[in-house]
Structures are given as C-alpha cells and as structure tokens.
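Residue strings, one per chain:
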Amino acid sequence: MKDWIKVFESPQQIRAEIVKGVLEENEIPAVVLNKKETVYQVFGLYEVHVNRADALRATTLINNEISF
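Report on the accompanying structure. (Residues numbered from 1 in each chain as written. Predicted model: local features only at pLDDT ≥ 70, side-chain atom pairs only at ≥ 80, totals over all residues. Heavy atoms only, no water.)

Taken as a whole, this structure holds two salt bridges when the rule is applied. A salt bridge links Glu9 to Lys6, with the shortest nitrogen-to-oxygen separation between them at 2.9 Å. Residue class for Glu9 comes out partly exposed when judged on its relative accessible area of 38%. Lys6 serves as the salt-bridge partner of Glu47, at 3.9 Å between the closest nitrogen and oxygen. Of this pair, Glu47 sits in strand β3 (residues 46-51) while Lys6 sits in strand β1 (residues 4-10), placing them 41 residues apart in sequence. The exposure class assigned to Glu47 is buried, which follows from its relative accessible area of 13%. The class for Lys6 is partly exposed, based on a relative accessible area of 39%. Look at the salt bridges and you will find they share partners, linking Lys6, Glu9 and Glu47 into a network. (Salt bridge = Lys/Arg side-chain N within 4 Å of Asp/Glu carboxyl O. Buried < 20%, exposed > 50% of the residue type's maximum accessible area, 1.4 Å probe, protein only. Helix = DSSP H or I, 4+ residues; strand = E, 2+ residues; numbered from the N terminus.)

So, in structure tokens, the structure goes:
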C-alpha cells in the first residue's frame, strides 16, 4: 500500500463507506482503513485511501459530488 494515499477521513464508518462506494462507481479503486482504537472505539478515524495516481480525481469527486 505504499502507492496509496488518504483522500478522506471520518469518525463515522458509514461516511467512509459512502465515499468508497462513490469512488468505486467512478472506477476508482478505494479501501477503508479502520484507524479506531480497538477497546472502546472512541478515538481514531476511518480513512479512505486510493492509489496515488487517482488521488486528484478522487479528491475532486469527494469535494464536488458528496455532501453530508
């Protein structure tokens, strides 16, 4: 995953999954990483990562197509 870059983060898993879904609908492979601490799930975030080559297109889609 050295060529992957974070394009979105949220404390809510559902938002990260929505972003991942929108990216995949636009043929941008994406993964959600759970960076929450394991015991109480209070601290940390869910991160969406894409390949570095797709980062600009992914960021544009996130900023222009998704609103929460």
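So, next bit.
Turning next to the side chain of Glu47. At 2.9 Å, the side chain of Glu47 and the side chain of His49 are in polar contact. Setting aside residues no more than four positions away along its own chain, Glu47 makes contact with Lys6, Phe8, Glu9, Val31, Val32, Leu33 and Lys35. (Polar contact = N/O pair within 3.5 Å; in protein donor to acceptor, adjacent residues only side chain to side chain. Contact = heavy atoms within 4.5 Å.)

In this structure, Lys36 sits in the loop between β2 (30-34) and β3. Of the side chains with opposite charge, Glu37 lies nearest to the buried Lys36, which makes no salt bridge, at 7.2 Å. Setting aside residues no more than four positions away along its own chain, Lys36 makes contact with Pro11, Gln41, Val42, Phe43, Gly44, Leu45 and Tyr46. (Lys, Arg positive; Asp, Glu negative; His and termini not counted.)

Here the focus is the nonpolar core. Inside soluble globular proteins, nonpolar side chains tend to come together where they are buried. Within the largest apolar cluster, 16 residues are counted, with the highest numbers of intra-cluster contacts made by Val7, Val19, Leu23, Val48, Val50 and Ile62. Those elements that provide at least two residues to this core are β1, α1 (13-25), β3 and α2 (55-65). Apart from residues lying up to four places away in sequence, Leu23 is in contact with Val7, Ile28, Ala30, Val48, Val50, Ala58, Leu61 and Ile62. (Core = buried A, V, L, I, M, F, W, Y, C linked by side-chain atoms within 4.5 Å.)

Position of Asp54 relative to the elements: it lies in the loop between β3 and α2. Asp54 gets classed as buried once you look at its relative accessible area, which sits at 18%. In the structure, Asp54 is positioned 33 residues away from Gly21 in sequence and 15 Å away in space, judged by C-alpha atoms. Contact partners of Asp54, with chain neighbours within four places excluded, come to Ile28 and Pro29.

Note that every value here comes from positions in space, so none of it alone points to a role or purpose.
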